[in-house]
Amino acid sequence: MKKICLALGVIFILAEGNSFAQKDSSDTNLIRVLPLAYYTPETRIAFEAVVFYSFYTTASHRKSNIRLFATYTQNKQFLFILPWQVYTSGEKYFIAGNIDYRRFPEYFYGLGNNTAEAIRELYSYNALTIHSKTFKNLGNNSYVGLAVQYQALDTEIPANSRLFSEQSKITGADGYHYGALGPSFMRDTRDNILCPTQGSFFEFTTLFGLGTAENTNLGFTQINLDIRDYFRINKNITWANHVLVQFSMGDVPYRALPALGGPNLHRGYYQGRFRDKQLLLYQTEYRQHLKGRFGVVAFASAGMVYEEINKVMANNIHPAAGMGLRVKISKNDQANIRFDYSFTPDSKGFYIYFAEAF
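Sequence order as written defines the numbering, with residues in each chain counted from 1. With the structure being a predicted model, the display of local features is reserved for residues of pLDDT at least 70 and the display and counting of side-chain atom pairs for 80 or more, all residues being used for whole-chain, interface and lining totals. Hydrogens and water are ignored here; the side-chain numbers use all heavy atoms of the structure.

Help me understand unusual backbone geometry, please; the structure alone is not making it clear to me.
Most of the time, phi is negative for any residue but glycine, and the peptide bond is trans. With phi around 65°, asparagine 141 is a residue other than glycine that occupies positive phi space. Secondary structure elements follow DSSP: runs of H or I of four or more residues count as helices, runs of E of two or more count as strands, with numbering from the N terminus. Locating asparagine 141 in the fold gives a position in the loop between strand E8 (121-139) and strand E9 (142-156). Positive phi outside glycine occurs at histidine 266, with the angle close to 75°. Within the fold, histidine 266 resides in the loop between strand E14 (259-260) and strand E15 (274-275). Between buried and exposed lies partly exposed: a residue is buried under 20% and exposed over 50% of the maximum accessible area for its type, with that area taken using a 1.4 Å probe on protein chains only. Overall, histidine 266 belongs to the buried group, its relative accessible area being 0%.

Dropping the structure here:
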């Protein structure tokens, strides 16, 4: 899908406080508010308010952050997203998660790795999603903890829908709700959570979910392996790499299935363009700071989804590549706004987004 997105951002400084411990005078706590306006075919004109708060807790070596995204569109669509990544005092615990409520139209392409662009269908849904992970610091930048998820979704499907007509194959097509929890292990040596320039990240999470869809009980398991490395070539250049592997077993609601596309996973493809039980993705990015608050990037990715492990070799690998501009929201903070253009064999995408893709 050819996705058009135009955006204008204006930065207003509300406050820069010192109520939390900080490393030095050049790296302070701050609050930023960024009003945005953008256009997509799905939303028409949309207005978004972004609030970003980054801070140090006592004796913490890395910054925590809390963000807020509120969006209202000309089509009377609404998104409210509240993510957080917080280190407690002395980095004894790390708490990450988000609350996501949205009333939004979405293109659905069906399930599988080889779905055609031309067969997509537009439908609407309301969804509340809560993700939370609480980690205990084991030392040596290693953490163990508990992951929790909850999602409730209602759908409005066109009466003449073809893709949703065989609903026995689309679990949760008429709506669903589920809760899931499971253990998680993480090792994190990144110098910055949102925009790393060096270090590595490893996370292995298993979730066990129970829920209800179409008046039937759901039970499923999901495994997520997330590996990221950041090689600092010199003070201005970083080479970033990301490998993501996701496995699903059981009756997984369709919007909880692994999916490719969007501003973070396989830029250039519509979010959810390819969706199935298993996912493999590799992303690489060259990042260079130019001068002051500005930087540039070049990136590429390759990914696929598939239903069963023995069918992985029969699937096509979907490539994407692109380039972008980076603008720091403050000279004293690593967080930035990214402007990315990406292209694929069957679609293009222009993204204006907060923080790095990975």
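Is there a simple way to think about the environment of valine 297 in this case?
Within the element layout of this structure, valine 297 appears in strand E17 (residues 294-306). Given a relative accessible area of 6%, valine 297 falls into the buried group. The spatial distance from the C-alpha of valine 297 to the C-alpha of arginine 287 is 4.5 Å, given a sequence separation of ten residues.

Where do I start with the nonpolar core in this structure?
Grouped burial of nonpolar side chains is what soluble globular proteins tend to show. By nonpolar core we mean a set of buried residues, namely Ala, Val, Leu, Ile, Met, Phe, Trp, Tyr and Cys, connected to one another through side-chain atoms within 4.5 Å. Grouped together as the largest cluster of nonpolar side chains are 23 residues, with contacts concentrated most on Phe108, Phe164 and Tyr254. Of all the secondary structure elements, the ones that give two or more residues to this core are strand E7 (93-108), E8, E9, strand E10 (176-188), strand E11 (199-213) and strand E12 (216-234). Contacts were defined at the residue level, with two residues in contact if any of their heavy atoms lie within 4.5 Å. If we ignore the near neighbours within four places in the chain, the residues touching phenylalanine 164 are Phe108, Glu121, Tyr123, Ile157, Ile170, Ala173 and Tyr254. Counting residues in hydrophobic clusters, the runner-up holds 15 residues, among them Leu36, Phe52, Phe354 and Ala355.

When you look at the pairing of strand E5 (residues 64-73) in this model, what are you seeing that I'm missing?
Across six bridges, E5 lies against strand E6 (residues 78-87) in antiparallel orientation. Bridge pairing links threonine 71 to leucine 79 in E6. The rule for pairing is simple: two strands pair if DSSP sees at least two bridges between them. Counting the residues in the hairpin turn of E5 and E6 gives four residues, including lysine 76, whose phi is positive at 60°.

Explain a nonpolar patch on the surface to me, please; I cannot follow it from the model alone.
Residues forming no salt bridge and having over 30% relative accessible area are the ones grouped into patches, like charges within 9 Å of each other and nonpolar side chains (Val, Leu, Ile, Met, Phe, Trp, Tyr) within 5 Å. Here the accessible surface of atoms and residues is derived via Shrake-Rupley with a 1.4 Å probe, and residues count as covered only by protein chains that are part of the display. When a carboxyl oxygen of Asp or Glu lies within 4 Å of a side-chain nitrogen of Lys or Arg, that pair is called a salt bridge. Residues Phe231, Ile233, Trp239, Val243 and Tyr282 make up a contiguous nonpolar surface patch of about 480 Å² in total accessible area. If you list the elements that add at least two residues to the nonpolar patch, you get E12 and strand E13 (237-250). Position of isoleucine 233 relative to the elements: it lies in strand E12.

Is there a simple way to explain the environment of threonine 221 in this structure?
Assignment of secondary structure puts threonine 221 in strand E12. Counting along the chain gives 26 residues from threonine 221 to phenylalanine 247, while the straight-line C-alpha distance between them is 8.2 Å. Excluding anything up to four places from it in sequence, threonine 221 contacts Thr206, Leu207, Phe208, Phe247, Ser248 and Met249.

Would you take a moment to explain the pattern of salt bridges for this structure?
Pairing between side chains of opposite charge can happen when their charged atoms approach one another. With the rule as written, the count across this model stands at 19 salt bridges. Of the charged contacts, one joins glutamate 117 and arginine 120 as a salt bridge, the two residues approaching to 3.4 Å between their closest N and O atoms. A residue is classified by how much of its surface remains accessible, and arginine 120, at 28% relative accessible area, is partly exposed. Of the charged contacts, one joins arginine 273 and aspartate 346 as a salt bridge, the two residues approaching to 3.3 Å between their closest N and O atoms. Of this pair, arginine 273 sits in the loop between E14 and E15 while aspartate 346 sits in the loop between strand E19 (333-343) and strand E20 (348-354), and the two are 73 residues apart along the sequence. For aspartate 346, a relative accessible area of 33% puts it in the partly exposed group. When salt bridges that share partners are traced, they join Arg267, Glu285, Arg287, Arg326, Arg338, Asp340 and Glu356 into one network.

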